[in-house]
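In case you want the letters, here they are:
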Amino acid sequence: MGIFSRKNNTPEPARNEEMVELGREYAIARRHRDTRAMNRIMRQIGTDKDVTDLSDFRAGQESYDSIPPIPRGRNRRR
């Protein structure tokens, strides 16, 4: 075992993959300004979820938000 050992003995917390995927979909809808999809996802989540589900939802959003948007090209046909 050296100074730069990459071993990690801490177990990764269990994630609710459904909530992570909903967070990703919500971030995509927000980027595309799709309010219908955003409202549908928020109704699907509801307010009665526990804190771990909401943190998984935020993790899904952050995983998509970390990808920079593609720069739009200028309209050169004018």
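Note: the structure precedes this text.
Quick caveat: nothing in here was measured; it's all calculated off a predicted structure.

The rules behind each value
Residues numbered from 1 in each chain as written. Predicted model: local features only at pLDDT ≥ 70, side-chain atom pairs only at ≥ 80, totals over all residues. Heavy atoms only, no water. Phe/Tyr/Trp six-rings, centres within 6.5 Å; stacked < 30°, edge-to-face > 60°. Helix = DSSP H or I, 4+ residues; strand = E, 2+ residues; numbered from the N terminus. Buried < 20%, exposed > 50% of the residue type's maximum accessible area, 1.4 Å probe, protein only. Contact = heavy atoms within 4.5 Å. Axes fitted to C-alpha atoms, helices over the stretch in contact; angles between N-to-C directions. Parallel < 35°, antiparallel > 145°, perpendicular 65-115°, else oblique. Left-handed = near helix turned anticlockwise from the far one by under 90°.

S.K.: Is there a simple way to think about the packing of aromatic side chains in this case?
M.R.: In this description, a pair of aromatic rings is defined by centroid distance and the angle of the planes. Under the criterion given, the structure shown has one aromatic pair. When the centroid spacing of 5.7 Å and the interplanar angle of 55° are considered together, the rings of Tyr26 and Phe57 count as tilted. Remark: Phe57 occurs in helix α3 (residues 51-65) and Tyr26 occurs in helix α1 (residues 17-31); sequence separation between them is 31 residues. Note on accessibility: Tyr26 and Phe57 belong to one class, buried.

S.K.: How do you make sense of the environment of Tyr26 when you look at a structure like this?
M.R.: Exposure remark for Tyr26: the relative accessible area of 13% places this residue in the buried category. Sequence separation of Tyr26 and Met42 is 16 residues, and the distance between their C-alpha atoms is 8.3 Å. Not counting the four nearest positions on each side in its chain, Tyr26 is found in contact with Met38, Ile41, Met42, Phe57 and Gln61.

S.K.: I'm lost on the packing of α1 against α3 in this one. Help?
M.R.: For any two helices packed against each other, one specifies the crossing angle of their axes together with the interaxial distance. One way to put it is that α1 packs onto α3 with a least axis distance of 7 Å and a crossing angle of 45°. Classified by the angle between their axes, α1 and α3 sit oblique to one another. For the pair α1 and α3, the sense of crossing is right-handed. Across the interface between the two elements, Met19, Val20, Leu22, Gly23, Arg24, Tyr26, Ala27, Ile28, Arg30 and Arg31 of α1 pack against Asp53, Asp56, Phe57, Gly60, Gln61, Ser63, Tyr64 and Asp65 of α3.

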